[in-house]
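Chains, contacts and geometry: an overview
Each chain, letter by letter, is given below.
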Amino acid sequence: GAVVSQHPSRVICKSGTSVKIECRSLDFQATTMFWYRQFPKQSLMLMATSNEGSKATYEQGVEKDKFLINHASLTLSTLTVTSAHPEDSSFYICSATDARTSGGKNEQFFGPGTRLTVL
Amino acid sequence: GENVEQHPSTLSVQEGDSAVIKCTYSDSASNYFPWYKQELGKRPQLIIDIRSNVGEKKDQRIAVTLNKTAKHFSLHITETQPEDSAVYFCAASGTGGGNKLTFGTGTQLKVEL
């Protein structure tokens, strides 16, 4: 149980284009989804927290107009990197949790990640 | 907000030896402390976690200890094996922070034959 998928696993795009990444919880309902970015040999940095049906909460320094997050259902959240530039190249990982059943454990279930390369 | 520090950044041990990774956190309201193992290009994999009402937890060769007063927690791996080689991250979260995880900076563990 608690499987999270991401699509695509790898994407290469040209500078200035937009890229959409999907994060799905396959066997549970995710009340909250998180989006992380991980640069090579660095830690996971939280970009934003997304609750179903409401606007995402962005971490300080993350441009909400550049990284558009939509969490329209309890099983799907999307991250759109708009006007991507080479410095946006990174490993993007989502995670999901169901606050109603986690028993206060706050456990997050991670997707496999999306490797974005902007040329 | 929460700040998590992790040491060491790299750790090399001989197969069969023990490995210890330490983390400190700043927010006394944090109540959940997971440890993740991440292999190159893969997702973080939860290996053990502990809640603030427990001081120690063990699962086979892996154990975690938590000192709430000092705000630090540690990962202990005994009888290390080459397949334990990976990057390990500690993290902390609490309801005060919206249950979001703050990660440590990671420890590259290398288990040598």
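What counts, and at which threshold
- Position labels on residues start from 1 in each chain and follow its written sequence.
- All chains are assigned letters beginning with A, and all ligands numbers beginning with 1, in the order in which they are written.
- Whole-chain, interface and lining totals are the exception, using all residues; otherwise, since this is a predicted model, local features are given only for residues with pLDDT of at least 70 and side-chain atom pairs are given and counted only at 80 or more.
- The side-chain values count all of the structure's non-hydrogen atoms but skip hydrogen atoms and water molecules.
- Paired strands are those between which DSSP finds at least two bridges.
- Only DSSP runs of H or I with at least four residues qualify as helices, and only runs of E with at least two residues qualify as strands; both kinds are numbered from the N terminus onward.
- Here an angle of 0 to 180 degrees is reported between the N-to-C directions of two axes, which are lines fitted to C-alpha atoms, with helices fitted over the stretch in contact.
- Salt bridge criterion: a side-chain nitrogen from Lys or Arg within 4 Å of a carboxyl oxygen from Asp or Glu.
- The cut-offs for exposure are 20% and 50% of the maximum accessible area for each residue type, with area from a 1.4 Å probe on protein chains only; residues under the lower value are buried, those over the upper are exposed, and the others partly exposed.

**Examining the sheet that holds strand E7 (residues 62-67) of chain B**
Residues and elements named next belong to chain B. Within the open sheet, the 5 strands sit side by side as E1-E3-E8-E7-E6. Their pairing is antiparallel. What marks the edges here is a single partner per strand, and that holds for strand E1 (4-7) and strand E6 (56-59). When strand polarity is set aside, the average angle formed by the axes of neighbouring strands in this sheet is 15°. Bridge analysis of E6 against E7 gives 4 bridges, and the strand direction is antiparallel.

**A closer look at the pattern of salt bridges**
Tallying each qualifying case throughout the model produces 7 salt bridges over all chains. Between A:Lys66 and A:Asp88 there is a salt bridge, with its nearest N and O atoms 2.9 Å apart. One end of the pair, A:Lys66, is in the loop between strand E6 (57-58) and strand E7 (67-73); the other, A:Asp88, is in the loop between strand E8 (76-81) and strand E9 (90-97), and 22 residues separate them in sequence. Like A:Asp88, A:Lys66 is buried. B:Lys110 is the partner of B:Glu112 in a salt bridge, and the nearest nitrogen-oxygen pair spans 4.0 Å. On the accessibility criterion, B:Glu112 (30% relative accessible area) is partly exposed.

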